[in-house]
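So you can see what is in the structure, the chains are spelled out below.
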Amino acid sequence: MTRHARNCTAGAVYTYHEKQKDAANSGFGTTSRRIGKDSVKSFDCCSLTLQPCRNPVITKEGYLFDKEAILTYIISKKNEYSRKMKEYEKQVKQDEEEQTAKDNAEAQKKLDKFISTEKNIVSSKAITLNDQPSTSGAISNVSLGKRKELPSFWVPSQTPAAKMSRIEKPDSKVYCPVSNKPLKAKDLIEVKFTLVKDPADKKSLIAKENRYMCAVTHDILNNSVPCAVLKTTGDVVTIECIEKLIKKDMIHPLTNEKLSESDIIPLQRGGTGFATTNEKLEAKEQKPCLQV
């Protein structure tokens, strides 16, 4: 009976652990690894720069961006659209010119055919069979004057040429780099984080572990605390505050303004490393496939 151990090499069965070890050492296959807390961005970091936001803004879907970074992204996408649109218009103009030339050639061909028909005195029905070239002694079509019609793939001038790829009409919309939904600069909402007031803590804002707190309850905000942004003022509050205080009367606790469901935007968090916080915390690395 064989030993039941991971490093057992005397068994006749190729075990799962031996497969995993050989796959890791060989460099082939897919490697999966769980993302830790240090590999996930913080809740107050920009989704593009992955750094703490200086001027935070949020989209309708709840993704946080730094204002400078997201405006730079939108401008670059618009410049790319204008460049692609110029190429597309150039292609359309070339197609119109080719179609016009083709129509003119077709009209000239019909005109030449009409003129040649009018000049002929003898009709085509009067041509006898004796006028046709004889094919009795022909070995191939080359002797009948069809040499130019035959394909010659070894001649450079007659080889098929690759056509230029067609340019599709570009989409004028700018899409969010995270949610891939249409994004406009006017839809961005400014966010106001409430700083934690601790006179004993002399560290800089970036070096602090607890930087922000809820605007109403003054609870410390981090990745493990679900947050939301009030659209009317941009204040960041906890979901617990919304459920227990705001949703009772749907009135802003700081300004007494009337709120609606659309004014509450849940803030998308980065992750904590716990399975119950986020949906995907697993990273995969694709390696070359070993083919037999």
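Predicted, not measured: the structure shown is a model, and the values here were computed from it. Residue positions are counted from 1 within each chain, in the order its sequence is given. A pLDDT threshold of at least 70 governs which residues receive local features in this predicted model, and a stricter bar of 80 or more applies before side-chain atom pairs are shown or counted, although totals over entire chains, interfaces and linings include all residues. Side-chain calculation: all heavy atoms of the structure are included, whereas hydrogens and water are not.

A. How the structure looks around the overall build of the protein chain. Counting its regular elements, the protein chain contains 3 helices and 10 strands. In the protein chain, the succession of helices and strands from N to C terminus is α-β-β-β-α-β-β-β-β-β-α-β-β. In the protein chain, the share of contacts with a sequence separation of at least 24, taken over all contacts with a separation of at least 6, comes to 54%. To be clear on the numbers: accessible area is Shrake-Rupley with a 1.4 Å probe, and residue cover counts the displayed protein chains and nothing else. Entry remark: accessible area of the protein chain is about 22800 Å², with carbon and sulfur atoms responsible for 52%. Helix and strand assignments come from DSSP, with helices taken as H or I runs of at least 4 residues and strands as E runs of at least 2, each series counted from the N terminus. Two residues qualify as a contact provided that any one of their heavy atoms is within 4.5 Å of a heavy atom in the partner residue.

B. Representation of the packing of aromatic side chains. The pairing test for Phe, Tyr and Trp rings, Trp by its six-membered ring, is centres within 6.5 Å, and the orientation test on the planes gives stacked under 30 degrees, edge-to-face over 60, and tilted for anything in between. Taken as a whole, this structure holds 2 aromatic pairs when the rule is applied. For the pair Phe43 and Phe193, a centre-to-centre distance of 6.1 Å together with 80 degrees between the ring planes defines the contact as edge-to-face. Of this pair, Phe43 sits in the loop between β1 (30–34) and β2 (56–58) while Phe193 sits in the loop between β4 (189–190) and β5 (194–195), and the two are 150 residues apart along the sequence. Taken together, the ring pairs connect Phe43, Phe193 and Tyr212 into an aromatic cluster.

C. Inspection of the sheet that holds strand β9 (residues 264–266) at higher detail. One open sheet holds the 3 strands; their spatial order is β8-β7-β9, and the pairing between them is antiparallel. In this open sheet, the two edge strands, each paired with only one partner strand, are β8 (236–238) and β9. Within this sheet the neighbouring strands show an average axis-to-axis angle of 35 degrees, counted without direction. Strand direction decides the pairing type here: strand β7 (residues 227–230) and β9, joined by 3 bridges, are antiparallel. Paired with Leu230 across the bridge in β9 is Ile264. Here a strand pair is declared whenever DSSP counts at least two bridges between the two strands. Angles here are taken between N-to-C directions and fall from 0 to 180 degrees, while the axes themselves are lines fitted to C-alpha atoms, restricted in helices to the stretch in contact.

D. Region of interest: helix α3 (residues 239–249). Those residues of α3 that fall on the buried side of the exposure criterion are Cys241, Ile242 and Ile246. Taken down its axis, α3 places every buried residue within 90 degrees of arc, on the same side. Two residues or fewer after α3 comes Met250, characterised by a positive phi angle close to 55 degrees. Burial here depends on accessible area, computed with a 1.4 Å probe over protein chains only, as a share of the maximum for the residue type. Under 20% is buried, over 50% is exposed, and the range in between is partly exposed. Starting at the helix axis, one direction is taken to each C-beta atom, and the arc is that of these directions.

E. Region of the structure containing the state of the cysteines. Note on terminology: pairs of cysteine sulfur atoms within 2.5 Å are recorded as disulfides. Tallying each qualifying case throughout the model produces 0 disulfides. Take Cys214: it sits in no disulfide, and the sulfur closest to it among the cysteines is that of Cys241, at 4.6 Å. Accessibility expressed as a relative area gives 0% for Cys214, which makes it buried. The thiol of Cys227 is unpaired, and the distance to the nearest cysteine sulfur, on Cys214, comes to 7.9 Å.

F. Here's a closer look at the nonpolar core. With 36 residues, the main nonpolar core has Ile58 and Ile70 as its most contacted residues. Breaking this core down by element, the ones donating at least two residues are β2, β3 (64–66), α2 (67–119), β7, β8, α3 and β9. Once residues lying within four places of it in the same chain are set aside, the contact partners of Ile58 are Tyr63, Leu64, Asp187, Leu188, Ile189, Val191, Val229, Ile265 and Leu267. In plain words, nonpolar cores are sets of buried Ala, Val, Leu, Ile, Met, Phe, Trp, Tyr and Cys residues tied together by side-chain atoms within 4.5 Å.

G. The environment of Lys60, seen in detail. Mapping Lys60 onto the fold places it in the loop between β2 and β3. In the structure, Lys60 is positioned 206 residues away from Pro266 in sequence and 9.1 Å away in space, judged by C-alpha atoms. If sequence neighbours within four positions are ignored, Lys60 has contacts with Asp187 and Ile265.

H. How the structure looks around unusual backbone geometry. Even without being glycine, Leu50 reaches a positive phi, approximately 60 degrees. Considering the arrangement of structural elements, one finds Leu50 in the loop between β1 and β2. With a phi angle near 60 degrees, His218 is a residue other than glycine that sits in the positive phi range. Locating His218 in the fold gives a position in the loop between β6 (212–213) and β7. We classify His218 as partly exposed; its relative accessible area is 47%.

I. Structural context of the confidence of the model for the protein chain. Looking at the protein chain as a whole, its pLDDT mean stands at 79, while 73% of the residues score no less than 70. Strand β10 (residues 282–286) is the least confidently modelled element of the protein chain, averaging 70 in pLDDT, while β2 averages 94, the highest of any element. Within a predicted model, pLDDT stands for the predictor's per-residue confidence, ranging from 0 to 100.

J. Looking closely at the pattern of salt bridges. Whenever Lys or Arg places a side-chain nitrogen within 4 Å of a carboxyl oxygen from Asp or Glu, that contact is recorded as a salt bridge. Applying the stated criterion across every chain yields a total of 9 salt bridges. A salt bridge links Asp187 to Lys60; the nearest nitrogen and oxygen atoms lie 3.9 Å apart. Residue Asp187 is found in the loop between α2 and β4, and its partner Lys60 is found in the loop between β2 and β3; the two are separated by 127 residues along the sequence. Assessed through its relative accessible area of 24%, Asp187 is described here as partly exposed.

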